[in-house]
Amino acid sequence: MKKKYLAFVLAASMVMSTLAACGGSGSNTQEPAASEAESTAEASDEQAPEESAEESEAEEGGEVSTAHGPSSEAAPAWEAYDARIKEIRLETDLAKREALMHEAEDELMSTWAVIPLYYYNDVYMQDTGVDGIYSNLFGFKYFGFATAPNNVLPLQVASEPDKLDPALNSTVDGACLAILAFSGLYMYDENGQLVPDLAEGYEMSDDGMTYTFTMKDGLKWSDGTPLTAADVEYSWKRMANPDTGADYAYLADLIAKGADGELDVTASEDGKTFTVNLTAPCAYFLDLCAFPAFYPVPQAAVEGADGYAENPGAWCTEAGFVSSGPMVCTGWKHDESMTYEKNPNYYNADKVSLDKIEFMLSSDDTAIWNAFQDGSLLFIDSIATDNMPTAKEMPEYHKVPTLGTYYAGFNVNSELFAGKTVQQAADMRKAFCLLIDRQYIVDTIAQADQEVANTFIPTGMADGNGGVFRENDSDYTYPMEDVVGYYDASQDAYEANLEEARTLLESAGYQFDESGMLSADTPINMTYLTNDSSGNVKIGEAIQQDFAAIGINLTVETREWSVFLNERKDGQFDFAREGWLADYNDPINMLEMWETNSGNNDMQFGR
């Protein structure tokens, strides 16, 4: 039987007709909705009252409740969504869990605050003399085991990183640096498979609720001090502690808590084993063990740093910080360059052939391209739009699959929606969504053969139940069955979408003249916030032109990477460039980021 949930949640919003963990600074890279991390409070353990869950859903017959968020009468109520995410985490029936995740995406998309544009491909340029660099489906690149001429690898992945503390990072470029400098219990190998890293292996209880990891012998931090299971225990509890302000703290919600409210994780007295108790069996738990937010960090260095009380990440804001991975950061000229050198205390140092990696910190796509062309850089992770046709014909060009979605998003508390009801604001956002010519963006700006997106959860992501999530089947059908999504993003649908956009805006109180242009009596003015890399700016300008087709005035505002990340995180925008590469292959990762208290909830749902 096909699900009818969307008929309740989306009915009224479907009126009449219808280049960055984890994020990078380039339009070809991901970017977990915030950046490297900042604050994320732990979600409340209280179940939302039943009436709140009910009133945030639409009523049968197409009437949407007037329930709204705490800061704006135009923002959707979000208690039901938070409760559904908690239910998904605890659900052990895989078919029911999949159904709940479809319901969550339905509810997310019914707000029209998240506007998918295309599904990511990861493209980069790598000199033919370089070998051994590999990446996974989540955009993380492993440079530590590469080979390069003279054992020196000059490269570029992004501009100045926002944060290097693994617990505080939430961007893809930051994850690549974390992977180079730190180690986790597990890691991904060159085939994309999970393999032991600091751990020798693990044992799992029969009920799947308890994992016990055995640590490798003789592990050391880069300063030569012992690295044990006690460091893992400290680091996991620190990451989950709201005082740390980790955007990814919500990932620890699947771990049980003790009477003291801390994670139920313990190191043995001898530091040889590390035990984790979960709230429910979790198929992707080992993926979390390979995720940078769960990497151990050195307590003495973290808590001994000047400014620690105000800034938990103060310990690694300059070169020379203690780490545990293949290489250590030995030089850092802010906004210019970073130098990493081989870590002699790394447990697998014999596998590291590079003596040095030199990072160019820049978002200047022209300078980056020229540096690759003249041999100053042997790897670049950013390709300017103007250079893509040339790049794709070169042997140095690489395109690899990833799981993620490039999108744009609206701050649901923006003054743009002042005076509107929840439904009117959603109608406005849906109208804006329908105006965007995604195929033009893919063909002329992104240019890496990306697939146009009409769902937030990307093509190819597993459903956690032995299948693929973005598919129509006997249990669930997308609201637009023929295009398997929430709207028809094809160019063939442009005229119909344009007409529906006008109808939706009229339902929100806007007027149009005889030529179909927005009346001067009811203007729409908004800003689009993006970082300053050329591809992202051009996408903003393409959207600007699409909106102008019916008289909407969109101003594109650019910021330097770290400023952009923090303004977006703080909700200082109307409409913003976004991107999310999955941290692991399960839809919950694309859904739990929108919980009210998630540090990656840029759209400000429930706030």
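Since this is a predicted model, take the numbers as computed values, not measurements.

Parameters and conventions
- Residues numbered from 1 in each chain as written.
- Predicted model: local features only at pLDDT ≥ 70, side-chain atom pairs only at ≥ 80, totals over all residues.
- Heavy atoms only, no water.
- Helix = DSSP H or I, 4+ residues; strand = E, 2+ residues; numbered from the N terminus.
- Buried < 20%, exposed > 50% of the residue type's maximum accessible area, 1.4 Å probe, protein only.
- Areas by Shrake-Rupley, 256 points an atom, 1.4 Å probe, with all protein chains shown as cover.
- Pairing = 2+ DSSP bridges.
- Axes fitted to C-alpha atoms, helices over the stretch in contact; angles between N-to-C directions.
- Contact = heavy atoms within 4.5 Å.
- Core = buried A, V, L, I, M, F, W, Y, C linked by side-chain atoms within 4.5 Å.
- Parallel < 35°, antiparallel > 145°, perpendicular 65-115°, else oblique.
- Left-handed = near helix turned anticlockwise from the far one by under 90°.
- 1 Å grid on protein atoms, 1.4 Å probe; cavity = no way out; pocket = protein on both sides within 12 Å on 5 of 7 lines; lining within 4 Å.
- Points joined across faces, edges and corners; volume = space filled by probe spheres on them.
- Nonpolar A, V, L, I, M, F, W, Y, C, P; charged D, E, K, R; others polar.

> It is not clear to me how the overall build of the chain should be interpreted in this structure. Could you clarify?
A tally of helices and strands in the chain yields 16 helices and 19 strands. Across the 607 residues of the chain, 62% fall into the buried class. Accessible area of the chain: about 21,500 Å², with a carbon and sulfur share of 45%.

> Looking at this structure, how should I read the sheet that holds strand β7 (residues 199-204)?
Strand pairs in the sheet, formed through backbone hydrogen bonds, run parallel or antiparallel to each other. The antiparallel open sheet is built from four strands, whose spatial order is β7-β8-β10-β9. Strand pairing shows two members of the sheet lacking a second neighbour, β7 and β9 (265-267), which therefore form its edges. Averaged over all pairs of adjacent strands, the angle between their axes in this sheet comes to 15°, without regard to strand direction. Bridge analysis of strand β8 (residues 210-215) against strand β10 (residues 273-277) gives five bridges, and the strand direction is antiparallel. Paired with Thr 214 across the two strands is Thr 273, which belongs to β10. Its contacts with the sheet place helix α6 (residues 229-240) against β8, β9 and β10, and it is angled at close to 155° to β9.

> Would you mind going over the nonpolar core with me for this structure?
Core analysis: the largest hydrophobic core is formed by 175 residues, its most contacted members being Phe 213, Trp 236, Tyr 340 and Trp 594. It is helix α11 (residues 422-435) that contributes the most residues to this core, eight residues altogether. For Trp 594, the contacting residues outside a window of four places in its chain are Trp 78, Tyr 81, Asp 82, Leu 108, Val 114, Tyr 407, Phe 456, Asn 600, Asn 601, Asp 602, Met 603 and Phe 605. Grouped together as the second largest cluster of nonpolar side chains are 14 residues, Met 125, Phe 372, Leu 377 and Tyr 397 included.

> Which parts of the structure should I look at to understand the environment of Asp 475?
Positionally, Asp 475 belongs in the loop between β16 (451-452) and α13 (494-507). We classify Asp 475 as partly exposed; its relative accessible area is 42%. Remark: the alpha-carbon pair of Asp 475 and Ala 99, spanning 376 residues in sequence, is separated by 7.8 Å.

> Quick question: what am I supposed to make of the packing of α11 against α13 here?
Two numbers describe a pair of packed helices, the interaxial angle and the distance between the axes. At their nearest, the axes of α11 and α13 sit 8 Å apart, and the two run at 160° to each other. Judged on the interaxial angle alone, α13 and α11 are roughly antiparallel. Crossing of α11 over α13 shows left-handed handedness. Residues Gln 424, Asp 427, Met 428, Lys 430, Ala 431, Phe 432, Leu 434 and Leu 435 of α11 pack against Tyr 494, Asn 497, Leu 498, Glu 500, Ala 501, Leu 504, Leu 505 and Ser 507 of α13.

> Before we go on, may I ask you to explain the layout of surface pockets in this structure?
One simple way to see leftover space: roll a probe sized like a water molecule over the atoms. Reported here for the largest pocket is a volume of approximately 460 Å³. Every residue lining the largest pocket is counted, 22 residues in all, and those nearest its centre are Arg 97, Cys 282, Ala 283, Tyr 284 and Asp 586. Among the elements of the structure, α3 (79-90) and α4 (94-110) are those that each provide at least two residues to the lining of the largest pocket. Of the residues belonging to the lining of the largest pocket, the class tally is 12 nonpolar, five polar and five charged.

> Hey, could you run me through unusual backbone geometry in this one?
Note: most peptide bonds trans; most residues except glycine with negative phi. Here the phi dihedral of Asn 150 falls at roughly 60°; this positive angle occurs in a residue that is not glycine. In this fold, Asn 150 is placed in the loop between β3 (141-142) and β4 (152-156). Of note, Asp 335 is a non-glycine position whose phi angle comes to about 65°, a positive value. Judged by relative accessible area, Asp 335 falls into the exposed class, the value being 53%.

> How do you make sense of the environment of Ala 314 when you look at a structure like this?
Among the secondary structure elements, Ala 314 is positioned in the loop between α8 (299-304) and β11 (327-333). A relative accessible area of 16% means that Ala 314 is categorised as buried. Measuring from C-alpha to C-alpha, the distance between Ala 314 and Leu 164 comes to 9.5 Å, with 150 residues separating the pair along the chain. Residues contacting Ala 314, with those up to four places away along its chain left out, are Ala 305, Asp 306, Gly 307 and Tyr 308.

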